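Structure at a glance
Chain by chain, the residues:
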Amino acid sequence: MQWEVVIGLEIHVQLSTNSKIFSGASTAFGASPNSQACAIDIGLPGVLPVVNKEVFKKAVAFGLGVGAEIALKSVFDRKNYFYPDLPKGYQITQLDYPIVIGGEVEITLSDATKKTIHITRAHLEEDAGKSLHEDFHGMTGIDLNRAGTPLLEIVSEPDMRSAEEAVAYARYIRQLVCYLDVSDGDMSQGSLRCDANVSIRPMGETTMGTRTETKNVNSFKFLERAINHEIERQIGVLESGGTVHQETMLYDPVRDETRPMRSKETATDYRYFPEPDLLPVEIDAAYVADIRNNLPELPKQRALRFITEMHLSETDAMILTSSRSVAEYFERVSEICDDPRLANNWVRVELMGQLNKEGLEIKQSPVVPQQLGDLLIRIKDDTISGKIAKTVFDAIWQGGGTADQIIEARGLKQVTDASSIEPVIDEIFANNPQQLQQLKAGKEKVLGFFVGQVMKATQGKANPKQVNDLIRQKIK
Amino acid sequence: MKVDDTVVKSIAQLAQLELKPESIQENIDSMTSILNLVDQMQSVDTTGIEPMAHPLDTMQRLREDHVSEPDQRELFQSIAPATEKNLYLVPKVIE
Amino acid sequence: MAMHNNTIVELLAALKSGEFSSKELTRHYIERIKVLDSLYNAFITPLEEQALQAAEQADADRARGKELPLGGIPIAHKDIFCTRGIKSTCGSRMLDNFISPYDATVVENLTAAGAILIGKTNMDEFAMGSSSETSFYGPVKNPWDLERVPGGSSGGSATAVAARMCAGATGTDTGGSIRQPASLCGISGLKPTYGRVSRWGMVAFASSLDQAGPMTQTAADAALMLNAMAGHDAKDSTSITDPVPDYSARLNDKICGIKLGLCKEYFEDGLDANVQQCVMDAVLVLEKMGARISEVSLPNTRQSVPAYYVIAPAECSANLARYDGVRFGHRCENPVDLGDLYRRSRSEGFGAEVKRRIMIGTFALSAGYYDAYYRKAQQIRRLIKNDFVNVFEEVDMIIGPIAPSTAFRLGEKIGDPVTMYLQDIFTIASNLAGLPAASFPAGFVDGLPIGIQVIGNYLDEASILQLGHQFQLQTDWHKRTPASAEL
């Protein structure tokens, strides 16, 4: 039977704030256990939550980034369940009145087709702590540093039909939240985690199959594998005459499998009700307009500008806008050298290639935009050839100074004086009479041979185009 | 509202309260009598009345995003029943 | 006159004139607690050394010319308030070992005003009760009749003030827990507007209803304490930002021409005839003083108890989920697994009434019942508030009884929760609406005190206290002391 896969994602994005959503404790990653769990975070008797202003700013920025409706009044609720990493016995979240309603994003798949994924809602909530299962004489240790960290839970419609689409959507969301400075998007630190709701149904069927929820997947690779495993598992169950149960699954990256979670009951009754310790949060249109006006250019708009104004290809524009820091780097270089296409080549190929090789982020690049821009100016004004420029680039990377300093110190300046190149050509003609005959007979291929020889003889300092012209003049 | 032992058991489970067999009937009785009192509400027509979660009709003030809380782990864990290596200990959690 | 029979106002004058020192006063109260409290069980944690030290400091400050609004006045805190370094039990076995790492804002404010903390008072467990019988530390006895309850949940504070074991005390009121024990013990008690006094550090029972207030001999004393307690607190998101007036400023203004509403629903049924007579006598006094009395109607009064017994338990079921034996409080011995840890710690730590309310609240919020119970109760809450809003367009304050009867016998109602709940029928509505309300001594029935209730408009505590003070200038009910407190 042909099966159709239906996937919806719930993405938890950690908002990049200094302090927690309801307390003044730090959100810094990697602190000693429970050193950032204050009285509010550990839920001492008598403590009360106070909402961090910044979380609303970031949630609204995200909402505007996906073209959503921003709720001018949103309400916090309590979601009740017992778990050791949930100190109060309830999580403060938003149920009926979330801050972000609706919205959509367009994803691009590997075959370049595009698809719109709709967003149902995004709401603010607090994160739970962390359970550590290393052996404490058969006990579990609880670290509440993460408890109270602000999260934006972004819920999609079940619009995705394959693991690839789900990953493309998740990647887009990550790119967007990084662009908007809503989150650092660092999945290795748990700043972005995905829950995948997966169901299958016979192709053509319109009612939904029973779905399972695979929780807390923290890499795109695992997300793809977790979904594919869940799809296979469900197909296996249905094709052998079984039924899929609505349950919560856990993806085990070590065994590369999904299995049901044992700890949480599947039909937990969360008993939501409005959080009485907090009043409804009201924002006005001016507040939203202010955030809208200060919103950075979104990746899609930026890519479009690169294509229309800078005449880059769509693929190049996509790569350059993959992250805000890459796009900003590129634009700075392009501005300095006043040549977007040259900047595009160098940023995309040389710079990103080298960064990839050394496993660095663009922010960590030893070559700063000013240095690369200056280098490209020297290509444009024919001081050096593109080939020599690569040598200079490597030298800058190694910390050898500015382009001009390196060109000067190493004598890499391009030779453009015809009188100093002509004798070299004459000598090569003399040493290769046979090839000269062929050239004179109109065999164009041999021209390349002579240019190469001249470049070799001048150690690359001649300008290949000029050499080309000079050879042509001589055989006329 | 009819309260029976199924209801009492499931509520006790949700509330994480121990329910000894001998106290089930007592729970049924007290819940039933309280719900009888509470059910007097049902005689009031509340169509179109917006629920009121809060006595105050004001909007929420928000806090600046500043780190204001120092590390007080030692003080907080001095009153904790079981800690080790700065962690709170609970019986093994199975995920 | 014995030191302890002075009001706070009088004590401040005596301390100022040097008639006695704060240390002498504090030692006097400590001695009284030592002798008398074996009768009443009003204190869970009396404080001696610490109180004397603080009193010494207060005397030194005064000698240096530092005048504080409550400088050197010994007061007690209901054990629902977190006090740093001091056991803060909330009347529960769950918190029997809980030494609070921080101070409640109310505690900080009163300390900053110069008050001396002389002890933590007994109360119904987690403030759930109307008799102070549900405490893990045993019931509190009414000083007017040791076989009767002092009311609750702030019964320890009410008793401590009535038996003159401290000059004033804090209480909290979720459905009548300041006013009803004040009435049953013959003292003055005020529940301010919701949000007027910070809830930070006050162990939560029902967050949208809980409010702290003063319990004192007189309205003038309550004004002094409220001056120190009230105010905006950034740590409480529901705290009101309006500036705090000087509640003592208008005490001496005459109440001539003031419009008082007698709520007819409060007199319809369930009210003891003698209690009703007391209230009507008090109304007559007020009328003679120039108040204009009219009848008003709060038609949804009868619905307040049912709505309350959904909302308060629902909020409490969540508020009490943090007591899980993990980070503080009672933890059972040798839990076999996580569920066992939760269930045994909670079942051992909580008493019967607390468990009963958690069960009801959990039920009211559970799937399938939310709309019929929780949502319905919140709708009724709005109807009740609207009733008040309408009435306050006609009158300045509402006058009525506090409780249907005088203090009942220990054990009389504890076995029947619903009968106990109906104790609060006249007090609950102002909690649901968030309005300020007070109880002032208004007479005696068979030797037991009874109070009248004054409900004011939002943030109009000053008028309530003014009325109370003016009434107390004409009456002496508040000056009477129980025989059991004579040494």
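Bear in mind the structure is a predicted one, so any value in this text is a computation, not a measurement.

1. Side note on the interface of chain B and chain C
Contacts between the two partners involve 49 residues from chain B, matched on the other side by 68 residues from chain C. The contact between chain B and chain C buries some 5100 Å² in all, and 68% of this surface belongs to carbon and sulfur atoms. Where chain B touches chain C, the interface holds 1 salt bridge. At the boundary of chain B and chain C, one finds 22 residue pairs in polar contact (both at pLDDT 80 or more). At the level of secondary structure, the elements contributing two or more residues to the side of chain B that touches chain C comprise α1 (5-14), α2 (24-38), α3 (73-77) and β2 (87-91) of chain B. The leading source of residues in the side of chain B that touches chain C is α2 of chain B, at 8 residues. Classifying every residue of the side of chain B that touches chain C gives 32 nonpolar, 12 polar and 5 charged.

2. Describing the domain arrangement of chain A
Annotation of chain A at the domain level lists domain 1 (3-287), domain 2 (297-410) and domain 3 (418-475). Placing a centre on the C-alpha atoms of domain 1 of chain A and another on those of domain 3 of chain A gives a separation of 66 Å.

3. Section: the sheet that holds strand β6 (residues 211-216) of chain C
Picture the strands of a sheet paired through backbone hydrogen bonds; they go either parallel or antiparallel. Residues and elements named next belong to chain C. What the 11 strands build is an open sheet, ordered β1-β3-β2-β4-β6-β5-β10-β11-β9-β7-β8; its pairing is mixed. The sheet is open, and its two edges are formed by β1 (43-46) and β8 (292-296), each paired on a single side. Across the sheet, the mean angle separating the axes of adjacent strands is 30° when strand polarity is ignored. Bridge count between strand β5 (residues 188-191) and strand β10 (residues 437-445): 3 bridges; the pairing is antiparallel. Bridge pairing in β10 places G189 opposite S439. Each of β1, β2 (74-78) and β3 (116-121) touches helix α2 (residues 22-40); the most contacted strand, β3, lies at about 15° to it. In the packing of helix α4 (residues 105-112) onto the sheet, the strands contacted are β2, β4 (168-173) and β6, and the crossing angle to β2 comes to about 175°.

4. Description of the interface of chain A and chain B
At the junction of the two partners, chain A supplies 54 residues and chain B supplies 35 residues. Of the roughly 4000 Å² buried between chain A and chain B, counting both surfaces, carbon and sulfur atoms make up 59%. A per-residue breakdown of the area chain A buries against chain B is headed by K53, F136 and L279 of chain A, which together make up 15% of the total. Across the pair E64 of chain B and K53 of chain A runs a salt bridge whose closest N-O atoms are separated by 2.6 Å. For the interface between chain A and chain B, the tally reads 24 residue pairs in polar contact (both at pLDDT 80 or more). Those elements that provide at least two residues to the side of chain A that touches chain B are α1 (53-65), β9 (130-136), β10 (139-143) and β17 (281-282) of chain A. The biggest single contributor to the side of chain A that touches chain B is β10 of chain A, with 5 residues. Grouping the constituent residues of the side of chain A that touches chain B by class yields 28 nonpolar, 16 polar and 10 charged.

5. Some details on the sheet that holds strand β16 (residues 273-274) of chain A
Across the sheet, which stays open at both edges, the 3 strands sit in the order β5-β4-β16 (chain A) with antiparallel pairing between neighbours. The strands lining the two open edges of the sheet, one partner per strand, are β5 (90-93) and β16 of chain A. Both strand β4 (residues 77-80) of chain A and β5 of chain A contribute to a ladder of 4 bridges, which runs antiparallel. The residue bridging N80 of chain A from the neighbouring strand is Y90 of chain A, located in β5 of chain A. In this fold helix α9 (residues 304-319) of chain C packs onto β4, β5 and β16 of chain A, with an angle of close to 60° to the strand it touches most, β4 of chain A.

6. With respect to the layout of surface pockets
Residue and element names in this part refer to chain A. By volume, the second largest pocket amounts to about 1700 Å³. Along the walls of the second largest pocket sit 46 residues, with R171, R174, Q175, S322 and S323 positioned nearest its centre. Mapped by element, the contributors of at least two residues to the lining of the second largest pocket are β7 (104-108), α2 (163-179), α3 (220-239), α5 (299-310), α6 (314-320), α7 (324-337) and α8 (340-358). No other element matches α2, which puts 9 residues into the lining of the second largest pocket. Class assignment for the residues of the lining of the second largest pocket results in 19 nonpolar, 11 polar and 16 charged. Structurally, the lining of the second largest pocket is a two-domain feature, drawing no fewer than three residues from each of domain 1 (3-287) and domain 2 (297-410).

Criteria and cut-off values
- Residues numbered from 1 in each chain as written.
- Chains lettered and ligands numbered in written order.
- Predicted model: local features only at pLDDT ≥ 70, side-chain atom pairs only at ≥ 80, totals over all residues.
- Heavy atoms only, no water.
- Contact = heavy atoms within 4.5 Å.
- Buried area = accessible area lost by both parts, 1.4 Å probe.
- Salt bridge = Lys/Arg side-chain N within 4 Å of Asp/Glu carboxyl O.
- Polar contact = N/O pair within 3.5 Å; in protein donor to acceptor, adjacent residues only side chain to side chain.
- Helix = DSSP H or I, 4+ residues; strand = E, 2+ residues; numbered from the N terminus.
- Nonpolar A, V, L, I, M, F, W, Y, C, P; charged D, E, K, R; others polar.
- Domains from an automatic or database assignment.
- Pairing = 2+ DSSP bridges.
- Axes fitted to C-alpha atoms, helices over the stretch in contact; angles between N-to-C directions.
- 1 Å grid on protein atoms, 1.4 Å probe; cavity = no way out; pocket = protein on both sides within 12 Å on 5 of 7 lines; lining within 4 Å.
- Points joined across faces, edges and corners; volume = space filled by probe spheres on them.

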